[in-house]
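Each chain, written out:
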Amino acid sequence: MALIELSSDTRTKPTAAMRQAIANADVGDEQAGEDPTVNALNERVADLLGKEASVFLPSGTMCNQIAMALHCRPGDELIAHRDAHVIVWEAGGAGHLAGAQTWGIDQPDGILTVDQVAAAIRPINRGMPRSKLLVIEQTSNSGGGRVWALDRVEAVAALAHSHGLAVHMDGARLMNAVVKSGISPARFAAPCDSAWIDYSKGLGAPIGASLAGSKDFIHDAWRLKQRFGGAMRQAGIVAAAAVYALDHHVERLAEDHANAQILARGLAEIPGITIDPTTVETNLVFFHLRKDGWTADRLATECRAQGVAFGAFDASRCRMVTHHDVSTEDCRKAVQVVRTVLAG
Ligand SMILES: Cc1ncc(COP(=O)(O)O)c(C=O)c1O
């Protein structure tokens, strides 16, 4: 039985055409600035994000780590959503590598308000850490893939800048927001000092992310890329997959969003499951389980045994993620499996 893999959009495998692009890649020494595929990608992404420069990195996590280390000095504080990737999923890197402490804001849909950010920025006081960085996660993962509206990005960024904070956009799923809203990546990134996109999520490449910012910022980012072990050699092999993904896998994210709606609407009809499909804006589908004797973990385990994989986030919250490697038919089947398992 083939597994319907809804755990994450990181589970995509490179397509035959992407593998062909990888095989044909023109390569050189990336660390020496001599890989033509990486160099072309860097220029393209700087343009795409409307910044002066960009740098290719092995992962989105490294984009965040480098940005935090450049924007903050040890003892500074960064502000993000309470469950933001930079706070929860980067193994304490904000504290260890940037020396920054974190302030997490609780907001169910992940989209911080101006008032919340204003309240989180500390007054200038010798005894307090300096608020130095605001991190915006576009889309918000723990917020259920919600899209930050452009005017909200602009408003919180203007507030942050007026208090001397830098603004960084974690764009792991920025392209989902772009496809959903029709707003260009450059416009979303414009209010931010740094921003990145990830190739290994919905875009379906095996590895890689690009961090963009001013020329000076990217110049300094290179030193940290080297220090963190992210400087590569014939990296055109992986950059070719990123180029292919930008050429062929952006518009199709709309299919993932449509499939997420099929999941959300189907799940909403199952007794014991709570989800409001109108809150599902992109490819992340969170739902709650409220049924005696059932936990999210039990449901995920039993469904996996029936060929449908997804994540259990806490006692009652599950997450399904649509992506390149799941079809509309797979999503319909997944709903059916959840219904049968819960009934039985
Ligand atoms: C919101 C968000 N930021 C950052 C990352 C890290 O990206 P990567 O897996 O490329 O390190 C992820 C990965 O799941 C993510 O969901």
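Here goes a summary of the coordinates provided. Keep in mind that what you see is a predicted model, and the values were worked out from it rather than measured.

### What about the packing of helix α3 (residues 60-71) against helix α10 (residues 215-227)?
Line of reasoning, step 1. Relative orientation of the contacting elements α3 and α10 amounts to 115 degrees, with a least axis distance of 10 Å. The crossing of α3 and α10 is right-handed. Contacts between α3 and α10 pair Ile66, Ala67, Ala69, Leu70 and His71 from the former with Phe217, Asp220, Ala221, Leu224 and Lys225 from the latter.
Line of reasoning, step 2. Looking at the contact of α3 with α10, its residues break down into 7 nonpolar, 1 polar and 2 charged.

### A word on the site of the ligand
Line of reasoning, step 1. Around the ligand sit 14 residues, and of these Gly60, Thr61, Asp170, Asp198 and Lys201 come closest.
Line of reasoning, step 2. Within the side chain of Asp170, one N or O atom sits 2.6 Å away from a nitrogen atom of the ligand.
Line of reasoning, step 3. Side-chain polar atom of Lys201 to an oxygen atom of the ligand: 2.9 Å apart, as the coordinates give it.
Line of reasoning, step 4. Starting from 390 Å² of accessible surface for the ligand in isolation, the protein chains cover 85%.
Line of reasoning, step 5. When each cavity is represented as a set of grid points, the ligand is found to reside in the largest pocket.
Line of reasoning, step 6. For the shell around the ligand, the elements supplying multiple residues, two or more each, are α3 and β7 (194-198).

How each quantity is defined
- Along each chain, residues carry numbers from 1 onward, in the same order as the chain's sequence is written.
- The predicted origin of the model limits local features to residues at a pLDDT of at least 70 and limits the giving and counting of side-chain atom pairs to 80 or more, whereas totals for whole chains, interfaces and linings rest on all residues.
- In computing side-chain values, all of the structure's heavy atoms are included and hydrogens and water are not.
- Orientation is described by lines fitted to C-alpha atoms, with helices fitted over the stretch in contact, and by angles between N-to-C directions that extend from 0 to 180 degrees.
- A helix here means a DSSP run of H or I that spans at least four residues, while a strand means a run of E at least two residues long, and both kinds are numbered starting from the N terminus.
- A crossing counts as left-handed when the near helix is turned anticlockwise from the far one by less than a right angle, and as right-handed when that turn is clockwise.
- Whether two residues are in contact is decided by their heavy atoms, any of which lying within 4.5 Å being enough.
- Each residue gets one label: Ala, Val, Leu, Ile, Met, Phe, Trp, Tyr, Cys and Pro are nonpolar, Asp, Glu, Lys and Arg are charged, and the others, such as Gly, are polar.
- Residue proximity to a molecule or strand is established when one non-hydrogen atom of the residue lies within 4 Å of it.
- Polar contacts, as used here, are pairs of N or O atoms within 3.5 Å; protein pairs need one atom able to donate a hydrogen and one able to accept it. Residues neighboring in sequence count only if both atoms are side-chain atoms.
- In this description, accessible areas are obtained by the Shrake-Rupley approach with a 1.4 Å probe, and a residue is regarded as covered only by the protein chains that are shown.
- With a 1 Å grid spanning the protein atoms alone, the term cavity applies to any set of points in which a 1.4 Å probe fits but cannot get out, the term pocket to an open set with protein on both sides within 12 Å along at least five of seven lines, and the term lining residue to any residue with an atom within 4 Å of a point.
- Those molecules having more than half of their atoms within 2 Å of a cavity or pocket grid point set are described as sitting in that cavity or pocket.

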